[in-house]
Amino acid sequence: MSDQHAQKQAAAKAALRYIEDDMILGVGTGSTVNCLIELLPQLRLAGAVASSQVTEDKLRALGIEVVDLNFAGTLDLYIDGADEVNAHLQLIKGGGGALTREKIVAAASKQFICMVDDSKMVDVLGRAFPVPIEVLPQARSYVARQLAQLGGEPVYREDFVTDYGNVILDTYDLDVSDPIALEQQLNNIVGVVCNGIFAANQADILLKAGNDGVKTILH
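Residues numbered from 1 in each chain as written. Predicted model: local features only at pLDDT ≥ 70, side-chain atom pairs only at ≥ 80, totals over all residues. Heavy atoms only, no water.

**Details of the sheet that holds strand β1 (residues 24–27)**
Definition in use: At least two DSSP bridges between two strands are required for those strands to pair. Starting at the N terminus, helices and strands are each numbered in turn, a helix being any DSSP run of H or I of at least four residues and a strand any DSSP run of E of at least two. Between N-to-C directions, angles cover 0 to 180 degrees, with each direction set by a line fitted to C-alpha atoms, over the stretch in contact for helices. In what follows, residue pairs with any heavy atoms lying within 4.5 Å of each other are defined as contacts.
Taken in spatial order, the 6 strands make up an open sheet running β2-β1-β3-β6-β12-β13, and their pairing is mixed. At either end of the open sheet lies a strand with only one pairing partner, and these are β2 (47–50) and β13 (213–218). Pairwise comparison of adjacent strand axes, ignoring direction, gives a mean angle of 20° for this sheet. The sheet contacts of helix α3 (residues 53–61) involve β1 and β2, and relative to β2 the element is tilted by about 160°.

Dropping the structure here:
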C-alpha cells in the first residue's frame with residue numbers, strides 16, 4: 001500500500017468521530033472519500049446525501065440509503081476531499097467533475113469537513129492545479145473567451161459530461177490570490193454553472209494526513 005493511500009485511509013478514519021448515530025450524512029466524491037465510504041456500514045446512519053452519481057452508486061452498493069437533498073433539508077455534516085487546500089481552508093475541487101453537486105451539498109450543511117493528504121496543501125491555490133468550471137454546453141466557446149480575458153487558459157475536458165449534462169473547462173493560469181473575489185467573478189460569467197473554488201463556503205475543519213498522523217485544523 002502506498003504512503004498516500006495509507007494517509008487517505010487515516011484521514012477517513014479520523015472523520016468517523018464527527019459522524020453521529022441516525023445522522024443523514026452529506027458524502028463527497030473522490031479517492032479519499034472512497035476510503036470513508038468503505039467505513040460507513042459500521043455506523044448507524046439514517047441515510048446519506050451523495051454529491052455525485054458515482055458516490056450514490058457506491059453508497060447503494062453497501063446498503064446505505066441515499067436521500068434526495070430536497071427532502072433531507074439542512075444537513076448537520078458534509079465530508080469531502082479536495083484537489084488543493086490553502087492555510088485558510090479554501091479549496092479547489094472538481095477534479096472528478098462533481099463540483100456543482102459538491103458545492104450544493106456543502107452549502108446545505110451546517111459543517112463541512114475536508115479530508116486531505118499532505119500533497120494537497122498549497123500556499124496559493126491554482127498554481128499547480130487548474131480551476132474546473134462547469135459550463136452550459138452552448139456557452140462553452142463564449143465562456144472560454146471570457147476566461148482568456150482574465151488571463152486563464154481554458155482546456156475543454158474531452159469525453160466528459162457532468163451529472164447535470166454540462167461540460168467542464170479546466171482553466172490554468174488564473175490568479176487565485178483572492179479566492180473569494182475570483183469565485184464570484186467566475187460565477188458572474190453568463191453560461192457558467194459553477195466553479196471549483198470553494199472560498200465563500202470553505203471547509204470548517206481540515207483533517208490533514210501525513211507520515212506523522214492526522215492533524216486537525218480549524219477555520
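Picking up after the structure, the text goes on.
**Brief notes about the pairing of β13**
Bridge count between strand β12 (residues 205–210) and β13: 6 bridges; the pairing is antiparallel. Bridge assignment links Gly 210 to a residue of β13, and that residue is Gly 213.

**Let's talk about the packing of helix α1 (residues 3–15) against helix α2 (residues 31–39)**
The packing of two helices is summarised by the inter-axis angle and the distance between the axes. Stated precisely, the cut-off is as follows: Oblique is the label for any angle not under 35 degrees, not over 145, and not in the 65 to 115 range, which are roughly parallel, roughly antiparallel and roughly perpendicular in turn. Note on convention: near helix rotated counterclockwise from far helix by under a right angle means a left-handed crossing. Clockwise means right-handed.
Following both chains from N to C, one finds α1 and α2 inclined at 50°, their axes separated by 8 Å at the closest point. In this view, α1 runs oblique relative to α2, as classed from their interaxial angle. Of the two elements, α1 crosses α2, and the hand of that crossing is right-handed. Touching His 5, Lys 8, Gln 9, Ala 12, Lys 13 and Ala 15 of α1 are Ser 31, Thr 32, Cys 35, Leu 36 and Leu 39, all from α2.

**Here we look at the environment of Val 85**
Heads up, the rule is: Partly exposed residues are those whose accessible area sits between 20% and 50% of the maximum for their type, while under 20% is buried and over 50% is exposed, using a 1.4 Å probe and protein chains only.
Relative to the helices and strands, Val 85 is located in strand β4 (residues 84–85). Overall, the relative accessible area of 0% leaves Val 85 in the buried class. A sequence separation of 19 residues divides Val 85 from Val 66, and the C-alpha atoms of the two residues are 28 Å apart. Non-local contacts of Val 85, meaning those with residues more than four positions away in its chain, are made with Gln 90, Leu 91, Val 116, Lys 120, Met 121, Val 122, Leu 125 and Leu 206.

**A closer look at the nonpolar core**
Using the following cut-off: In this description, a nonpolar core means a group of buried Ala, Val, Leu, Ile, Met, Phe, Trp, Tyr and Cys residues linked to one another through side-chain atoms lying within 4.5 Å.
With 27 residues, the main nonpolar core has Ile 19, Leu 25, Leu 36, Leu 40, Leu 59, Ile 79 and Met 115 as its most contacted residues. Among the elements of the structure, α1, β1, α2, β2, β6 (112–117) and β12 are those that each provide at least two residues to this core. What Ile 79 contacts, discounting residues up to four positions off in sequence, is Ala 15, Ile 19, Leu 25, Gly 26, Val 27, Gly 28, Val 33, Leu 36, Ile 113 and Met 115. Counting residues in hydrophobic clusters, the runner-up holds 18 residues, among them Val 131, Val 143, Leu 186 and Ile 197.

**Observations regarding the packing of aromatic side chains**
Convention followed: Centres within 6.5 Å are what make two rings of Phe, Tyr or Trp a pair, Trp counting through its six-membered ring; a difference in plane orientation under 30 degrees is then read as stacked, over 60 as edge-to-face, and the rest as tilted. Distance and angle both matter: a charge sits over a ring if NZ of Lys or CZ of Arg is within 6 Å of the ring centre and within 35 degrees of the ring normal.
Following the criterion strictly, the structure yields 2 aromatic pairs and no others. Between Phe 112 and Phe 198, the aromatic rings sit 6.5 Å apart at their centres with planes inclined by 55°, giving tilted as the arrangement. Here the residue Phe 112 occupies a position in strand β6, and Phe 198 occupies one in strand β11 (residues 197–198), the gap between them amounting to 86 residues. For the pair Phe 112 and Phe 198, a shared accessibility class is recorded, and that class is buried. Taken together, Tyr 78, Phe 112 and Phe 198 form an aromatic cluster joined through their ring pairs. When the ring centre of Phe 198 is taken as origin, the NZ or CZ atom of Lys 103, which lies over that ring, is 4.9 Å away.

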